[in-house]
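# Structural characterization, general
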Amino acid sequence: MSAKILDGKAIALELRESIRAEVDRQVAAGKPRPGLAVIMVGDDPASAVYVRNKKIACEKAGFNDVSEVLPAQTTQQEVLALIDKLNADESVHGIIVQLPVPAHIDPEEIIERISPCKDVDGFHPYNVGRLATRMPIMAPCTPHGVMTMLAKTGIQLRGLDAVVVGASNIVGVPQLLELLNERATVTVCHSATKNLAHKVAQADLVVVGVGIPEMVKGDWIKPGAIVIDVGINRMDDGRLVGDVEFEVAKEHASWITPVPGGVGPMTIATLLENTMKVAYHLDCKAK
C-alpha cells in the first residue's frame, strides 16, 4: 500500500482563489480591500523569506499589504506603539508579529497587545481560550490549515484515535483543541513522553510538529493511518525533510503530507482566510 498525497499546494491554491473571488465581490459592492500588517523586527533570514511570501500572497489575493520591517534595535515600547496605531486603524484588519523577535523583545506582551479581533495568527490568549471552550473566533493558522486539509480526505474524524507529537502553543496545543472539537480522542506527546513509538503506532491520525528531522520513524505508523507532517528541516546536503520518515511512512499510511508542499502553503492561505473573515464577516466585541 502506498499513501495518497495530501497536496497542500493544490488545496492552498484552491483556498486562495476562493478568497480572491470573495474579495473581488466585496470590493465591487463598495467594501474595502482587506488590510494585513506583518510586523518584523530585525533581519532574521528565514523570517524575511516568510514575510516576502506573505507579501506575494497578499498581492495575489487582492489584499492591501501594510507590513512594517523594523530595525533589530527597535525597543519594546516602539513595537507596542506601532501595534496600538494599527489596532486603531480601520483599514487594517489583521496584525501579526513575525517570530522570532530579538531577545530584548517580550513576544508574549507583544501578542497580547494585538486586538483579539485583529489577531489573525490566533495566538492571543483570548482566541486560544475561545478555541478551548468550543467558541472559536480566530483559529491559529497552521492547525486550522491542517483541519482544512483533513476535510479533503473525506474521512470522519469523530472517534478516531489521534496522536499529536509536539506541544507548542503554535501547533501542538491548538491542534489538540481543533481535533478535540471534532470529537477525536487525542493524545499529546512531548519530550517527556515515554514509549513514543508505541503511542504513535496506536494512532489512526498522527500530526507531528517538533522540528527534529525524521524523528517519527515510518515503521511506527499504523497501517491505514493519516500522517500530517508539520515540520520542515534543511539538511546539511540541502534537502528539505519533515519530522516524519516520509519514504517509509508512505508505505504504511492511507494519506500523508509531503515536505515541502504539504502543510506549509496552508499556513499562509489560512492567514489570508482569517484576515478576510475580519474584513467582511466578523462582528467581534473583544477588547
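Residues numbered from 1 in each chain as written. Predicted model: local features only at pLDDT ≥ 70, side-chain atom pairs only at ≥ 80, totals over all residues. Heavy atoms only, no water.

Under an unreviewed UniProt entry, the name given to the protein is Bifunctional protein FolD, and the source organism is Thiosulfatimonas sediminis.

## Quick look at the overall build of the protein
For the record, the criterion: By the criteria applied, helices consist of DSSP H or I runs no shorter than four residues and strands consist of E runs no shorter than two, each listed in order from the N terminus. The size measure is the radius of gyration over C-alpha atoms, and the globule rule it meets is 2.2 Å times the number of residues to the 0.38 power. A simple rule labels every residue: compare its accessible area, found with a 1.4 Å probe on the protein chains alone, to the largest value its type can have, and call it buried under 20%, exposed over 50%, or partly exposed in between. Whether two residues are in contact is decided by their heavy atoms, any of which lying within 4.5 Å being enough. Working definition of accessibility: Shrake-Rupley area with a 1.4 Å probe, residue cover restricted to the visible protein chains. A residue counts as positive if it is Lys or Arg and as negative if it is Asp or Glu; His and the chain ends are not included. The location of each charge is read from NZ of Lys, CZ of Arg, CG of Asp or CD of Glu.
Summing up its helical and strand segments, the protein has 10 helices and 12 strands in all. The C-alpha radius of gyration computed for the protein amounts to 19 Å, which stays within 12% of the reference 19 Å derived for 287 residues, consistent with globular compactness. If one aligns the C-alpha atoms of the protein with their principal axes, the spans along those axes are about 50 × 45 × 40 Å. Expressed as a percentage of its 287 residues, the buried residues of the protein come to 47%. Expressed as a percentage of contacts within the protein between residues at least 6 apart in sequence, the contacts between residues at least 24 apart total 73%. Counting only carbon and sulfur atoms, one obtains 54% of the accessible surface of the protein, whose full area is about 13400 Å². When the 29 positive and 35 negative side-chain charges of the protein are each reduced to one mean point, those points stand 5 Å apart.

## Brief notes about helix α3 (residues 76-88)
Operational definition: How far a helix is expected to stretch is found by multiplying one less than its residue total by 1.5 Å. Arc definition: directions from the helix axis to the C-beta atoms.
With 13 residues, α3 should cover 18 Å at 1.5 Å per step; its first-to-last C-alpha distance of 19 Å lies within 8% of that length. For α3, the set of buried residues is Gln-76, Val-79, Leu-80, Leu-82, Ile-83 and Leu-86. Down the axis, α3 shows its buried residues gathered within 160 degrees of arc, on one side only. Along α3, the residues that are exposed and aim more than 90 degrees away from the buried face are Gln-77, Lys-85 and Ala-88. In the core, the buried residues of α3 are packed alongside β2 (35-41), β4 (68-70), β5 (94-97) and α4 (107-113).

## A short note on the UniProt feature "binding site: NADP(+)" (unreviewed entry) in the protein
Formally: UniProt positions are given in the numbering used here, feature names are shortened, and annotations may be inferred rather than shown by experiment. Polar contacts, as used here, are pairs of N or O atoms within 3.5 Å; protein pairs need one atom able to donate a hydrogen and one able to accept it. Residues neighboring in sequence count only if both atoms are side-chain atoms.
UniProt's entry tags Gly-166, Ala-167, Ser-168 and Ile-232 with the feature "binding site: NADP(+)" (unreviewed entry), counted in the numbering of this structure. Structurally, Gly-166 can be placed in the loop between β6 (161-165) and α7 (172-181). For Gly-166, a relative accessible area of 6% translates into the label buried. The residues contacting Gly-166, other than those within four sequence positions of it, are Gly-172, Val-188, Cys-189, Gly-209 and Val-210. Assignment of secondary structure puts Ser-168 in the loop between β6 and α7. Leave out the neighbours within four places in its chain, and Ser-168 touches Val-173 and Pro-174. For Ser-168, the side chain forms a polar contact with the main-chain nitrogen of Val-171, separated by 3.0 Å.

## Some details on the pattern of salt bridges
To keep it simple, the criterion reads: Salt-bridge detection follows one rule: a side-chain nitrogen of Lys or Arg within 4 Å of a carboxyl oxygen of Asp or Glu.
One pass over the full model with this rule turns up eight salt bridges. Residue Lys-55 is joined to Asp-65 by a salt bridge in which the shortest nitrogen-to-oxygen separation is 3.1 Å. Highlighted residues: Lys-55 in helix α2 (residues 45-61) and Asp-65 in strand β3 (residues 64-65), separated in sequence by 10 residues. Overall, Lys-55 belongs to the partly exposed group, its relative accessible area being 38%.

## Quick look at unusual backbone geometry
Following Leu-99, the chain continues to Pro-100 via a peptide bond in cis, the omega torsion being 5 degrees. Mapped onto the elements, Pro-100 comes out in the loop between β5 and α4. In the segment running from Val-259 into Pro-260, the intervening peptide bond is cis, with an omega of -5 degrees. Note that Pro-260 resides in the loop between β12 (255-256) and α10 (263-280). Of note in the backbone geometry, Arg-134 takes a positive phi value of approximately 60 degrees without being a glycine. With respect to the element layout, Arg-134 can be found in the loop between α5 (125-132) and α6 (141-153). Residue Arg-134 is classed as partly exposed on the basis of its relative accessible area, which comes to 49%. Unusually for a residue other than glycine, Asn-195 sits at a positive phi of about 55 degrees. Positionally, Asn-195 belongs in the loop between β7 (185-189) and α8 (196-201).

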